[in-house]
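Below are the chains, spelled out letter by letter.
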Amino acid sequence: MSIFRLVGQFDIVKELPFRFEKDIQTLVEKNVDILLHLEFIRSEFSLNNFRIDTLAFDIETKSFVIIEYKRDKNFSVIDQGYAYLSLMLNNKADFILEFNESRQTTLKRSDVDWSQSRVIFISPQFTNYQREAINFKDLPIELWEIKRFENETISFEQIQKFSAKESIKTISRSDKTVEEVNKEIKVYTEQDHLQKVDFETRELYENVKERLMSLADNITMQPKKQTIDFRIDNNIFCDIILQNKKLKIYVNLKSGDLQDQKKIARDVSNVGHWGNGSYEIKLTDLDDIDYIISLLKQSLRKNRK
């Protein structure tokens, strides 16, 4: 990807390579809340001859996230990723203790959803082999590319899985570590949500999804345990929960920020709910879809970087 600066004419902005992995680590740790929407817990967390570069916590999923930084290309994302996950699942008390000491709060084992644990690798570049290695629909491993440019600009982008249909469980039988981790960790897919509802609800969801994905080129979808998130620039602008005969759509805006002339959105800022934001919309048919999309556009604009 080339980046240009417009100064009368196009002037190419050159990439400024990272000299050390530590440079990447320092940059990410200082901005992990903005880049990945995670809480920083600990740098250089050592346990059982392993050293985790960055330990973080995902408040949304209530799960731990391990972040590793790489400059060289000679490593297996599958082998290393599952080794770290196995370490976590076999030493849960140590991770909880580290959280409690760093945050000076009390996190119980029951407060953590271990099934949504994951590993994130961050590097200036990944090989085609590494990109192909993560192309499983249920792999708890993410790849993010980070680049630095001479005009003090940073690009940060997740390597997307395209048309991933194969399950990682197809190779787990030949790898004991992968098999053991997969017994406890569950990567949720869109199909997990769709198979729980009737045909009419699936049709309703597909219509809404098509409208949402067409709003911008960089919109992504991420299924979670309870919701399906829709993101712009990695920021959630709405969540959808599928229920029989209806959808619940949560608009990620603070109370008072949504301009809703028809008053169809309910303020749930003081009510417990799974989605992000203060507004809930119940959708049972497509009669008001154009108006609802206009409400979601407000959230999209607010959450766009």
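Conventions we followed
- Residues numbered from 1 in each chain as written.
- Predicted model: local features only at pLDDT ≥ 70, side-chain atom pairs only at ≥ 80, totals over all residues.
- Heavy atoms only, no water.
- Helix = DSSP H or I, 4+ residues; strand = E, 2+ residues; numbered from the N terminus.
- Expected span 1.5 Å × (residues − 1).
- Buried < 20%, exposed > 50% of the residue type's maximum accessible area, 1.4 Å probe, protein only.
- Arc of directions from axis to C-beta.
- Polar contact = N/O pair within 3.5 Å; in protein donor to acceptor, adjacent residues only side chain to side chain.
- Contact = heavy atoms within 4.5 Å.
- Axes fitted to C-alpha atoms, helices over the stretch in contact; angles between N-to-C directions.
- Parallel < 35°, antiparallel > 145°, perpendicular 65-115°, else oblique.
- Left-handed = near helix turned anticlockwise from the far one by under 90°.
- Nonpolar A, V, L, I, M, F, W, Y, C, P; charged D, E, K, R; others polar.

(A) Looking closely at helix α9 (residues 199-213). Taking 1.5 Å of rise per residue, the 15 residues of α9 would be expected to cover 21 Å, and the 21 Å separating its terminal C-alpha atoms lies within 8% of that figure. Along α9, the residues classified as buried are Thr201, Leu204, Tyr205, Val208, Lys209 and Leu212. With its buried residues spanning 135° around the axis, α9 presents them on a single face. In α9, the exposed positions that point more than 90 degrees away from the buried face belong to Phe199 and Glu210. The N-cap residue of α9 is Asp198: its side-chain oxygen and the backbone nitrogen of Glu200 are 3.1 Å apart.

(B) Representation of the environment of Trp144 within the structure. Tracing the backbone through its elements, the reader meets Trp144 in strand β7 (residues 141-149). Judged by its relative accessible area of 5%, Trp144 is buried. Expressed as a C-alpha distance, the spacing of Trp144 and Phe126, which sit 18 residues apart in the sequence, is 8.7 Å. Look past the residues within four positions of Trp144 in its chain and what remains in contact with it is Leu36, Ile120, Phe121, Ile122, Ser123, Phe126, Phe156, Glu157, Gln158 and Asn234. Looking at Trp144, its side chain comes within polar contact range of the side chain of Glu142, at 3.0 Å.

(C) A look at the packing of α9 against helix α10 (residues 289-303). α10 packs onto α9 with a crossing angle of 45° between their chain directions and a minimal axis gap of 11 Å. The angle between the axes of α9 and α10 places the two elements in the oblique class. Crossing hand, α9 versus α10: right-handed. Taken together, the residues of α10 that come into contact with α9 (itself represented by Val208, Arg211 and Leu212) are Ile289, Asp290, Ile293 and Leu296. Along the lines of polarity and charge, the residues of the contact of α9 with α10 split into five nonpolar, no polar and two charged.

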